[in-house]
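# Geometric and topological summary
For reference, the chains in residue letters:
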Amino acid sequence: MKRNCLAFLILTMALSASAAAQDRYMDIVQKYRRPQFFAEFIALPATHHDSLKLVGNIRLSYDNSFFVKNSEGKFSTDLTFTTEILQRNTAVTRSIRRKIVTVNSHEETLNRTDFVETIFMLPLKKGDYEVAVEVTNNDLQKSLRMERQSLKLSAEPAAAKQGGIKASQLLFINRPNITNDSINIEPLGVSGNGVFGRDYLAMLYFQLNSDSLREVSYQLFEKQDQREILTTSGKLSPNNLISISALRESKGETQLIAERGKKATGELLAFIDFNAKAIANARYVLKATAVSEKGGVVEVKKEFDNAWINMPYPLYDIELAVRLMEGIMITSDEVGKLLDGNPAEQRRKFLAFWKAQDPTPDTEFNEALEEYFRRVDYTFFNFYTNRDFGWRTDRGKIYIRYGKPTDISREFPLNKPTREIWIYKNLNKRFVFSDITNTGNYELVSESQLENE
């Protein structure tokens, strides 16, 4: 009798912990699941002393773009990006771009890491402005996003007191595609921030104005409280200083194209590779200094967050993350050991555990950690049933352990429960799940090797 009571108590505590984990998970999702919308504007110096060029990049994630199924069974979204540049509440200029994107499956429409985006360049006079951005879905005739921000452009972005060189603000970009004729430049596109774990560069655009560059150097500082700690520095090689003849938008309006003509126009791009993939999820300051042959010095500074875009939700709460490892990565006893101590100690032990699993221990970003909890997130949204939380279902456990199947199919046998078959070609495995209770809770009924069938 006592043994039965003890077993019941343990089961009750386990169910209570699971329910608490589910509630905490839902609280985190509601707090942090925001639309992935980014708008960034940087100023480039122009030849005329009173003018500049404004580069704008606007992006909205697929899961917030509202796709519609078409007659071919595919899914499309039709968006208009409208950007107005205002001065004293009066429109000075505007950009209106229509973008239509089509994908093959409904699953793709839920993606938070793919974006509908546009890039544009507008000539402006120096001055202070306000920029108003609106994204409209044309099928729904509905505004999806509106945002305003101020632009302080009264002075040059950066100009030397001696000599003629002028520089733009720093722009983060994905690693560019450089050929003999052109350079394809894709902005990183997260509102001026970096992306934790991503390989990206910083770019500067120069107007030389009958001057030339002697050298360009950089320093990267991590901000800790009120201090700036130098993490890396260097000088750019000649290969990272490239003369161009023109800078324009691509035909698809998602990239900048720098043309490398033979005619000298006094335009130059500098690419700063500060090993972004290795830096931490923290706040930084990047400083670049250019020295011209005529003695001019231009200094440009950018403060930014190296942000973990789409960080898996459990990582906002270490205790929750630890509990979601039980039964797959660790035992219940190991859960207790990891959760022993204050929050700082729990975090230290949690990170130490995952550091041992890290395939790239020389970098701050841990691919194994991110992948595991990304899978947990997927199970939360896709395998939840009235009986169980997504990660506790049989499909959830298999998904977390092995990842996305190579192929998924369903069978509807007569007078028998629906079956779902998962094939993992890389693992030579086949899993069969059956909706025995007819409630959508597919239970694992068989596991086999493909080669044995």
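Look above for the structure.
One structure accompanies this document, and this report is about it. (Residues numbered from 1 in each chain as written. Predicted model: local features only at pLDDT ≥ 70, side-chain atom pairs only at ≥ 80, totals over all residues. Heavy atoms only, no water.)

When you go through the protein chain residue by residue, the secondary structure sums to seven helices and 27 strands. Dimensions along the principal axes, computed over C-alpha positions, put the protein chain at roughly 90 × 55 × 50 Å. Put simply, the protein chain has 453 residues, and 46% of those count as buried. Excluding contacts between residues fewer than 6 apart, the proportion of contacts in the protein chain whose partners are at least 24 apart in sequence is 62%. Element-wise, carbon and sulfur atoms account for 47% of the exposed surface of the protein chain, whose accessible area totals about 23900 Å². Counting 61 positive and 59 negative side-chain charges, the protein chain places the averaged centre of each group 2 Å from the other. (Helix = DSSP H or I, 4+ residues; strand = E, 2+ residues; numbered from the N terminus. Buried < 20%, exposed > 50% of the residue type's maximum accessible area, 1.4 Å probe, protein only. Contact = heavy atoms within 4.5 Å. Areas by Shrake-Rupley, 256 points an atom, 1.4 Å probe, with all protein chains shown as cover. Lys, Arg positive; Asp, Glu negative; His and termini not counted. Charge placed at Lys NZ, Arg CZ, Asp CG, Glu CD.)

Pairing within the open sheet is mixed, and its five strands lie in the order E14-E23-E22-E16-E17. Edge strands, defined here as strands with exactly one partner in the open sheet, are strand E14 (194-195) and strand E17 (227-235). Where strand E22 (residues 283-292) and strand E23 (residues 297-307) come together, nine bridges link them in antiparallel fashion. Bridge assignment links Tyr284 to a residue of E23, and that residue is Phe304. (Pairing = 2+ DSSP bridges.)

Scanning the model with the defined rule gives 32 aromatic pairs in all. Each ring, one from Phe38 and one from Phe115, has its centre 5.9 Å from the other, and the planes form 50 degrees; the classification is tilted. In this pair, Phe38 is assigned in strand E1 (residues 37-45) and Phe115 in strand E6 (residues 115-125), connecting sequence segments 77 residues apart. Grouping residues by exposure puts Phe38 and Phe115 together as buried. Following the ring pairs from residue to residue traces out a cluster consisting of Tyr25, Tyr313, Phe380, Phe381, Phe389 and Trp391. Above the ring of Phe172, the side-chain terminus of Lys302 is found at 5.2 Å from the ring centroid. (Phe/Tyr/Trp six-rings, centres within 6.5 Å; stacked < 30°, edge-to-face > 60°. Lys NZ or Arg CZ within 6 Å of the ring centre and 35° of its normal.)

Core analysis: the largest hydrophobic core is formed by 35 residues, its most contacted members being Phe206, Ile272, Phe274 and Leu286. Those elements that provide at least two residues to this core are strand E15 (200-207), strand E16 (213-224), strand E21 (267-272), E22 and E23. With sequence-adjacent residues up to four places away left out, Phe206 is seen in contact with Lys166, Ala167, Leu213, Val216, Gly266, Glu267, Leu268, Ala270 and Ala290. Ranked by size, the runner-up nonpolar core spans 31 residues in total, among them Ala21, Phe196, Ile318 and Phe350. (Core = buried A, V, L, I, M, F, W, Y, C linked by side-chain atoms within 4.5 Å.)

Below, the discussion takes up the side chain of Thr109. Its location among the elements puts Thr109 in helix H2 (residues 106-109). The exposure class assigned to Thr109 is buried, which follows from its relative accessible area of 7%. Of note is the side chain of Thr109, whose polar atom sits 2.5 Å from the backbone oxygen of His106. When near neighbours in sequence (up to four residues on either side) are disregarded, Thr109 contacts Tyr62, Asp63, Phe67, Phe75 and Val103. (Polar contact = N/O pair within 3.5 Å; in protein donor to acceptor, adjacent residues only side chain to side chain.)

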